[in-house]
Amino acid sequence: MAAPLSTMKFWKPGSEAPGISEERELNSETTGSPIVFNPHTALSIEKQRQKLPVFKHRNNILYLVESYQTVIIVGETGCGKTTQIPQYLLEAGWAAEGKVIGVTQPRRVAAISVANRLAEERGALLGHEVGYTIRFDDCSDPHATRIKFLTDGMLVREMMSDPLLKKYSVLMLDEAHERTLYTDIAIGLLKKIQKKRRDLRLIVASATLDAKKFHDFFNLNESGDPNKDTCGILTVEGRTFPVDVFYTSCPRLCEGHSGDVMKIHETEDDGDVLAFLTGQEEVEKVVSLLQEQARTLSRYGMKKHLRILPMYSGLPYAEQMKVFERAPTSVRKIVVATNIAETSITINGVVFVIDCAFVKLRAYNPSTAIESLVITPISKASASQRAGRAGRNRPGKCFRLYTGMCECAIDRRSLPVFLLPLLCSSEEDFEKLPASTVPEMQRTNLAPVILQLKALGIDNVLRFSFLSPPPAQTMVQALELLYALGGLDHYGRLTDPMGVRMAEFPLSPMFAKMLLESGNFGCSKEIVTIAAMMQIQNIFVVPPNQKKAAAREHRKFAVAEGDHLTMLNVYEAFIKHQKSSQWCQEHFLNYKGLLRAVTVREQLRRLMNKFKVPRTSSEGDPDVILKCIVFGFFANAARIHHSGSYRVVFNEVVQTAKYYMRDVTAVESSWLVELAPHFYKQAKHGSLASKRSRVL
DNA sequence: GAGCACTGC
């Protein structure tokens, strides 16, 4: 990577800071240089480009894009596909006549950093020829931008204003094998668009395993004659180092994990260690165990020291940044992480991976409408992705522990039967794992998806061509909810204006409904704040070593009515203290999160103005706010106990070992009947009955 | 008083 420019100046407030993404990490190792055209540098950039594995496929790629409507590119890590293919297309004239080459990424940081790298490589200022578009940050020029990176969610949004995506000549869906919700939605919609736009070219960048599935999905040739295929496949080899895999079994995970770490530390050469666990609690537990052992070791005068660091998304920002710091040669870095380290971040210098072979995954139960987090064995695809984290810089080693996990994290007796065969550990057990992870589309609440599809003119969502169709019951349940919210009519058609407006909000339908009605309840100012706050995770920061102090500070914001008004309190206090980061630190609040809440609130406010929702304030009366929340969230009502009068509405339910409700507020049961008579009926004895079995 | 994989509009 020659002539690296300082990319920091392109970062805007509110966007993710450097260090989180793999590309950032690469940049941080080089020093900044001024933006001056230098023919020698240009030459060396050209040489660098030609060294990438994808380069020798250049002509073939261009030929395939010319001949097929869709091309599946199996591009392994480090082959250069993301930055090079858009440039080949540009050079071959695919961005002529004002057309744009679009490249989607599942994550915001990836879109920004890849755009940065490409602009750098082309000696261009970001936002002109090369740009990016993500929510809250559009760094592209509608006239000048030829190569545009965007999140796949953003692409789906663009379809709402430009249903045929007319400005694009080619779209490349990167990391399609991850099968995120929005990638899958985009894939289904693009297949439909292709039928109307024969000139639109699609490149799907995927891992080996899924190539055939993608090919069969996009190939419109039914003649059986391969010469008439509309979809081609090309494989580009990667540039990674071999990783040896070892299978070990340990009686208990935590001891097992720390034991293996110590074994590596004592017997293996230099190189950092990355250990995968399933959740925050486990991570903290293993970190403290290791720190204890490291202290013992240093007392015995081990030459090399250990630096043990946790990594998970709920970790305060400054703590997260520590894992990207390069350790001195006399120190071995050990990162204990959740699944965040599988795809979202890359830590340089990792040579050893320890994999518990489990992951916490979202699952959705349509009959109860409960989303839960379930500890599940990982797929083979996931396992090799994790192992690959050891081979980025030089040959590495991966240790898989299949037994210990269950013993430690979950009570063996509570294990689902299908997990029991996994309790012995060997290579054969690895063979029993599913080939790939169930796509998000098949394990999520579909109400937001269906609302979006309806808004995009997909009338019969049950017949939409999903790459992996979701369970029919989940779809029916989502349709029912959308009908109850007034977003769909009797025939399942989008209502105008309610349904149309709900779909425009970048929120789940319940939030949209609550916002759109808040003016009539006389509390739109408060509701927009509450909705914005509920989009932010981990507003309350709890450092593991300061749990009590944090709880003490957090209690100051708590109110009896519940979490919604508590969050309103936090936001208003944050504004009152001039959005001070110092103030946030003193009260154990997530400063970056609160800043994001301000931005989200602004976006929601704009949409509400667009739909002429009156600006009203409850002036301190909590009841109107609570009633308005009920008007959106009536379907999420619960009572604590049969005989109890304590009733609540909640934002979501999370199942771990037990059921936990998040963002809970107490309400009067009579409100449910009053505000959602179509959903609830008052039973004779005064208790409340749901027309569906939704009472927990 | 403990409890919460990871993204995205």
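Residues numbered from 1 in each chain as written. Chains lettered and ligands numbered in written order. Predicted model: local features only at pLDDT ≥ 70, side-chain atom pairs only at ≥ 80, totals over all residues. Heavy atoms only, no water.

The name an unreviewed UniProt entry assigns to chain A is RNA helicase, from the organism Labrus bergylta. Note on chain A: under the UniProt heading Function (unreviewed entry), the record states "May be involved in pre-mRNA splicing." In UniProt, chain A has this text filed under Sequence similarities (unreviewed entry): "Belongs to the DEAD box helicase family. DEAH subfamily." (UniProt positions renumbered as here; feature names shortened; annotations may be inferred.)

> Could you give me a rundown of the packing of aromatic side chains, with the residues and numbers involved?
In the structure shown here, the tally under the stated rule is 10 aromatic pairs. Relative to phenylalanine 218, the ring of phenylalanine 217 lies with its centre 5.0 Å away and its plane at 90 degrees, an arrangement referred to as edge-to-face. Residues phenylalanine 217 and phenylalanine 218 agree in their burial class; the two are buried. In this structure an aromatic cluster arises from ring pairing among Phe557, Phe574, Trp583 and Tyr591. (Phe/Tyr/Trp six-rings, centres within 6.5 Å; stacked < 30°, edge-to-face > 60°. Buried < 20%, exposed > 50% of the residue type's maximum accessible area, 1.4 Å probe, protein only.)

> Quick one: what's the story with the domain arrangement of chain A, residue by residue and with numbers?
By domain assignment, chain A separates into domain 1 (45–236), domain 2 (243–407 + 423–432), domain 3 (445–496) and domain 4 (505–676). Each of domain 1 and domain 4 has a C-alpha centre, and these two points are 39 Å apart. Three residues, Arg135, Phe136 and Arg157, lead the burial of domain 1 against domain 4; their summed loss comes to 90% of the area buried on that side. Where domain 1 packs against domain 4, one counts zero salt bridges. Split by residue class, the side of domain 1 that touches domain 4 holds one nonpolar, no polar and three charged. (Domains from an automatic or database assignment. Buried area = accessible area lost by both parts, 1.4 Å probe. Salt bridge = Lys/Arg side-chain N within 4 Å of Asp/Glu carboxyl O. Nonpolar A, V, L, I, M, F, W, Y, C, P; charged D, E, K, R; others polar.)

> Explain a positive patch on the surface to me, and be specific about the residues and the numbers.
Residues Lys192, Lys195, Lys196 and Arg198 make up a contiguous surface patch of positive charge. Examined against the element boundaries, lysine 192 turns out to sit in helix H7 (residues 181–196). The exposure class assigned to lysine 192 is partly exposed, which follows from its relative accessible area of 40%. (Patch = residues over 30% accessible without salt bridge, like charges linked within 9 Å, V, L, I, M, F, W, Y side chains within 5 Å. Areas by Shrake-Rupley, 256 points an atom, 1.4 Å probe, with all protein chains shown as cover. Lys, Arg positive; Asp, Glu negative; His and termini not counted. Charge placed at Lys NZ, Arg CZ, Asp CG, Glu CD. Helix = DSSP H or I, 4+ residues; strand = E, 2+ residues; numbered from the N terminus.)

> Describe the protein's contact with DNA strand B, with residues and values.
Looking at DNA strand B, there are 26 residues lining it, with Arg108, Arg157, Ser313, Lys360 and Pro506 nearest. The separation between a phosphate oxygen of DNA strand B and a polar main-chain atom of arginine 108 is 2.4 Å. Here lysine 360 contributes a side-chain N or O atom positioned 2.6 Å from a phosphate oxygen of DNA strand B. Mapped onto the surface near DNA strand B, the elements with two or more residues apiece are helix H6 (152–161), helix H10 (280–299), strand S14 (358–365) and strand S19 (659–667). In terms of residue count, the dominant contributor to the surface near DNA strand B is H6 (three residues). Its residues assigned to classes, the surface near DNA strand B comprises 10 nonpolar, eight polar and eight charged. (Near = heavy atom within 4 Å. Polar contact = N/O pair within 3.5 Å; in protein donor to acceptor, adjacent residues only side chain to side chain.)

> Requested: an account of the pairing of strand S7 (residues 201–206), with residues and values cited.
A regular strand places its side chains so that they alternate between the two faces of the sheet. For S7, a buried count of six out of six residues is recorded, marking the element as mostly surrounded by other parts of the structure. Side chains Arg201, Ile203 and Ala205 of S7 all project onto a buried face; the interleaved residues Leu202, Val204 and Ser206 project onto the opposite face, where all are buried too. Bridging between strand S1 (residues 70–75) and S7 involves five bridges; their strand directions are parallel. Along S7, the bridge assignment pairs isoleucine 72 with valine 204. The β-α-β motif built from strand S6 (residues 168–173), the intervening H7 and the parallel element S7 has right-handed crossover chirality. (Pairing = 2+ DSSP bridges. Right-handed = clockwise from strand over helix to strand, strands pointing away.)

> Before we move on, could you go through the pattern of salt bridges and cite the residues and values that matter?
As a working rule, side chains carrying opposite charge can pair if their charged atoms are close by. A complete count under the given rule lists 20 salt bridges for this structure. In this structure, aspartate 199 and arginine 197 form a salt bridge, with 3.1 Å as the shortest nitrogen-oxygen distance. Residue aspartate 199 is classed as partly exposed on the basis of its relative accessible area of 42%. Overall, the relative accessible area of 6% leaves arginine 197 in the buried class. Arginine 386 is paired through a salt bridge with aspartate 355; the nearest N and O atoms lie 2.7 Å apart. Placement of the pair is arginine 386 in helix H13 (residues 380–388) and aspartate 355 in strand S13 (residues 350–355), with a sequence separation of 31 residues. Across this residue pair, the class does not change: arginine 386 and aspartate 355 are buried. Members of the salt-bridge network, linked through shared partners, are Glu46, Arg49, Arg58, Glu91 and Glu121.

> Just give me the short version of the sheet that holds strand S12 (residues 331–337), but keep the residues and values in it.
Ordered by their spatial adjacency, six strands build an open sheet running S9-S16-S13-S10-S12-S11, and the pairing between neighbours is parallel. Two strands close off the open sheet at either side, each with one partner strand: strand S9 (243–248) and strand S11 (305–311). The mean inter-strand angle of the sheet, taken between neighbouring strand axes irrespective of direction, is 20 degrees. Where S13 lies against strand S16 (residues 396–401), four bridges are found, and the strand directions are parallel. In the sheet register, isoleucine 354 faces S16, and the bridge partner there is phenylalanine 399. Along the sheet, H10 contacts S11 and S12; its crossing angle with S11, the most-contacted strand, is approximately 170 degrees. (Axes fitted to C-alpha atoms, helices over the stretch in contact; angles between N-to-C directions. Contact = heavy atoms within 4.5 Å.)

> Tell me about the nonpolar core, residues and numbers included.
Nonpolar side chains in soluble globular proteins generally cluster together in the buried interior. Leu155, Leu190 and Phe505 are the most contacted members of the largest nonpolar core, which totals 104 residues. Those residues in contact with leucine 190 that lie beyond four places of it in its chain are Leu155, Met159, Leu165, Leu171, Leu173, Leu200 and Leu202. (Core = buried A, V, L, I, M, F, W, Y, C linked by side-chain atoms within 4.5 Å.)

> Break down the side chain of histidine 554 for me, with residues and values.
Checked against the element boundaries, histidine 554 lands in helix H21 (residues 547–555). A distance of 2.7 Å separates a polar side-chain atom of histidine 554 from the backbone oxygen of phenylalanine 588. Non-local contacts of histidine 554, meaning those with residues more than four positions away in its chain, are made with Phe540, Val541, Val542, His587, Phe588 and Leu589.

> How would you summarise the sheet that holds strand S8 (residues 231–236) if you had to cite specific residues and measurements?
In spatial order, the strands read S4-S3-S5-S2-S6-S7-S1-S8; together these eight strands make up an open sheet with mixed pairing. Lying at the two open borders of the sheet, with one neighbouring strand each, are strand S4 (137–139) and S8. Direction aside, the axes of adjacent strands within the sheet are offset by 20 degrees on average. Relative to S7, S6 is paired through four bridges, and the arrangement is parallel. In the sheet register, valine 170 faces S7, and the bridge partner there is arginine 201. Each of S1, strand S2 (100–105), strand S5 (147–151), S6 and S7 is contacted by helix H4 (residues 81–91), which is oriented at about 165 degrees to S2, the strand it contacts most.

> Just give me the short version of the packing of helix H3 (residues 58–67) against H4, but keep the residues and values in it.
The geometry of H3 relative to H4 is characterised by a closest axis approach of 10 Å and an angle of 65 degrees between their N-to-C directions. The pairing of H3 with H4 is recorded here as roughly perpendicular in orientation. Crossing hand, H3 versus H4: right-handed. Of the residues in H4, those touching H3 at Arg58, Ile61, Leu62 and Val65 are Ile85, Tyr88, Leu89 and Glu91. (Parallel < 35°, antiparallel > 145°, perpendicular 65-115°, else oblique. Left-handed = near helix turned anticlockwise from the far one by under 90°.)

> Account for unusual backbone geometry, with residues named and values stated.
A cis amide bond links aspartate 496 to the next residue, proline 497, at an omega of 15 degrees. Within the element layout of this structure, proline 497 appears in the loop between helix H17 (472–484) and helix H18 (498–504). Despite not being glycine, leucine 165 has its phi angle at roughly 50 degrees, a positive value. Here the phi dihedral of lysine 612 falls at roughly 55 degrees; this positive angle occurs in a residue that is not glycine. Examined against the element boundaries, lysine 612 turns out to sit in the loop between helix H24 (591–610) and helix H25 (622–633). Among the residues examined, lysine 612 registers a relative accessible area of 70% and is labelled exposed.

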